[in-house]
Amino acid sequence: QVQLVESGGGLVQPGGSLRLSCAASGFSFSSAVMRWYRQAPGKERELVASISNAGSIVNYADSVTGRFTISRDNAKMTMYLQMNSLKPEDTAMYYCYARRVGYFEVWGQGTLVNVSS
């Protein structure tokens, strides 16, 4: 079964850290570009970070640069998002996404991050 399963979300105080994980199954993980998106209540979904299939190229939204780190372990078929110095405006549902152009496109079900004191 082709799927992505996120985990690691939760409630954290401002300034705190969380590490999200995205476990993949049912497709060629090492051939996929992977991304993290987020969607806050009442707002459109936005791209947070992306990583190339080999992990050599990463990109971040301006709002998270310097605070978030995207990584992947192709042997474990898992992607990560290390989030530090969290702010209330980081509160959102976080989704992982996999794509190989012309072959597949997969979304996870999301994990909720709530940054609040």
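Notes on the structure in this doc start here. Owing to the predicted nature of the structure, the values given are computational and were not obtained by experimental measurement.

The rules behind the values
Residues numbered from 1 in each chain as written. Predicted model: local features only at pLDDT ≥ 70, side-chain atom pairs only at ≥ 80, totals over all residues. Heavy atoms only, no water. Disulfide = S-S within 2.5 Å. Helix = DSSP H or I, 4+ residues; strand = E, 2+ residues; numbered from the N terminus. Buried < 20%, exposed > 50% of the residue type's maximum accessible area, 1.4 Å probe, protein only. Phe/Tyr/Trp six-rings, centres within 6.5 Å; stacked < 30°, edge-to-face > 60°.

Here the focus is the state of the cysteines. The full count for this structure, using the stated rule, is 1 disulfide. Two residues, Cys22 and Cys96, share a disulfide whose sulfurs are 2.1 Å apart. Classification of the bridge connecting Cys22 and Cys96 rests on its S-S torsion, roughly 65°, and on that basis the disulfide is right-handed. A residue pair is termed long-range when its members are at least 10 positions apart, and Cys22 in strand E3 (residues 18–25) and Cys96 in strand E9 (residues 92–100) qualify at 74 residues. Classification of Cys96 by relative accessible area gives buried; the value is 0%.

Okay, the packing of aromatic side chains next. The relation between two aromatic rings is expressed through the spacing of the ring centres and the mutual angle of the planes. Considering all chains together, one arrives at 4 aromatic pairs under this definition. Ring geometry for Phe27 and Phe104: centres 4.9 Å apart, planes at 50°, overall tilted. Here Phe104 lies in strand E10 (residues 104–107) and Phe27 lies in the loop between E3 and strand E4 (33–39), a separation of 77 residues in the sequence. By the ring-pair criterion, three or more aromatic residues cluster together here, those being Tyr37, Tyr97 and Trp107.

Everything listed here is a matter of geometry and, on its own, says nothing about what the molecule does.
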